[in-house]
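Spelled out, the chains give:
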Amino acid sequence: MSITTLHLDECPGRYCGIYEGSCTACPRGQRVNLTNNLCEPCTGSPSAYEWFYLGFMVLVVIYFNMELLTRLHDKTYTDVELTRSQLKGTIKWIFVTIFEVLISAVATLLLADPKGYLRLTACNVDSFLDWYSIFQNPSIRFTSLGYA
């Protein structure tokens with residue numbers, strides 16, 4: 001018996017919920033309401049840890065873009081000292097890189113749920129098990145493992 005053919009009141013496991021009439025893993029951005037077993041959208045705001053992680057990922061993208069600019073610059077200019085126009089060009093490309101990364105971050109925020117808003121929603125961590133939900137998959141009648 002698969003987990004999707006179970007009766008709606010018998011949804012096993014902490015991370016299995018009722019979504020579109022069947023008992024299954026909740027889609028991304030939703031979490032099981034433990035009182036009625038329904039998948040509901042997450043409405044919490046990201047924690048400081050999550051904001052720091054996202055900021056770090058933006059800095060990594062900026063770093064790799066700067067690294068590429070440095071390698072291109074080293075191939076273009078073999079002189080040790082830069083002229084004033086070369087320095088202005090390098091500074092211009094640094095600002096263009098930062099602008100590009102910031103525009104792509106804002107576009108990502110606008111396209112992610114909730115669409116059209118500069119707002120992120122997150123499923124808050126309630127317990128230690130939320131970090132390792134793969135280990136919480138229920139066993140159905142001790143014969144098969146249901147992935148939720």
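Owing to the predicted nature of the structure, the values given are computational and were not obtained by experimental measurement. (Residues numbered from 1 in each chain as written. Predicted model: local features only at pLDDT ≥ 70, side-chain atom pairs only at ≥ 80, totals over all residues. Heavy atoms only, no water.)

Quick look at the state of the cysteines now. Enumeration according to the criterion identifies two disulfides in this entry. Across the disulfide from Cys26 sits Cys39; the S-S distance is 2.0 Å. Given an S-S torsion of about -85°, the disulfide between Cys26 and Cys39 has left-handed geometry. Taken together, the residues span a long stretch of sequence, with Cys26 in the loop between β2 (22-25) and β3 (30-32) and Cys39 in strand β4 (residues 39-41) at a distance of 13 residues. Accessibility classification places Cys26 together with Cys39 in one group, the buried group. Two residues share a disulfide in this structure: Cys42 and Cys123, whose sulfurs sit 1.7 Å from each other. Taking the torsion about the sulfur-sulfur bond, which here is approximately 75°, the covalent link between Cys42 and Cys123 counts as right-handed. Of this pair, Cys42 sits in the loop between β4 and α1 (48-76) while Cys123 sits in the loop between α2 (84-111) and β5 (139-140), and the two are 81 residues apart along the sequence. On the basis of relative accessible area, Cys42 is assigned to the buried category, the value being 11%. (Disulfide = S-S within 2.5 Å. Helix = DSSP H or I, 4+ residues; strand = E, 2+ residues; numbered from the N terminus. Buried < 20%, exposed > 50% of the residue type's maximum accessible area, 1.4 Å probe, protein only.)

Mean pLDDT for the chain: 76, with 72% of residues reaching 70 or above. Below a pLDDT of 50 lies the segment residues 1-7, which in the model reaches 16 contacts outside its immediate sequence neighbourhood of four places, other chains included. (pLDDT = per-residue confidence, 0-100. Contact = heavy atoms within 4.5 Å.)

Considering the arrangement of structural elements, one finds Ser22 in strand β2. Residue class for Ser22 comes out partly exposed when judged on its relative accessible area of 22%. Each C-alpha atom, one on Ser22 and one on Cys11, is 9.0 Å from the other, the two residues being 11 residues apart in sequence.

Right, let's talk about unusual backbone geometry for a bit. Residue Glu20 is not a glycine yet carries a positive backbone phi of 55°. Relative to the helices and strands, Glu20 resides in the loop between β1 (16-19) and β2. Glu20 gets classed as exposed once you look at its relative accessible area, which sits at 71%.

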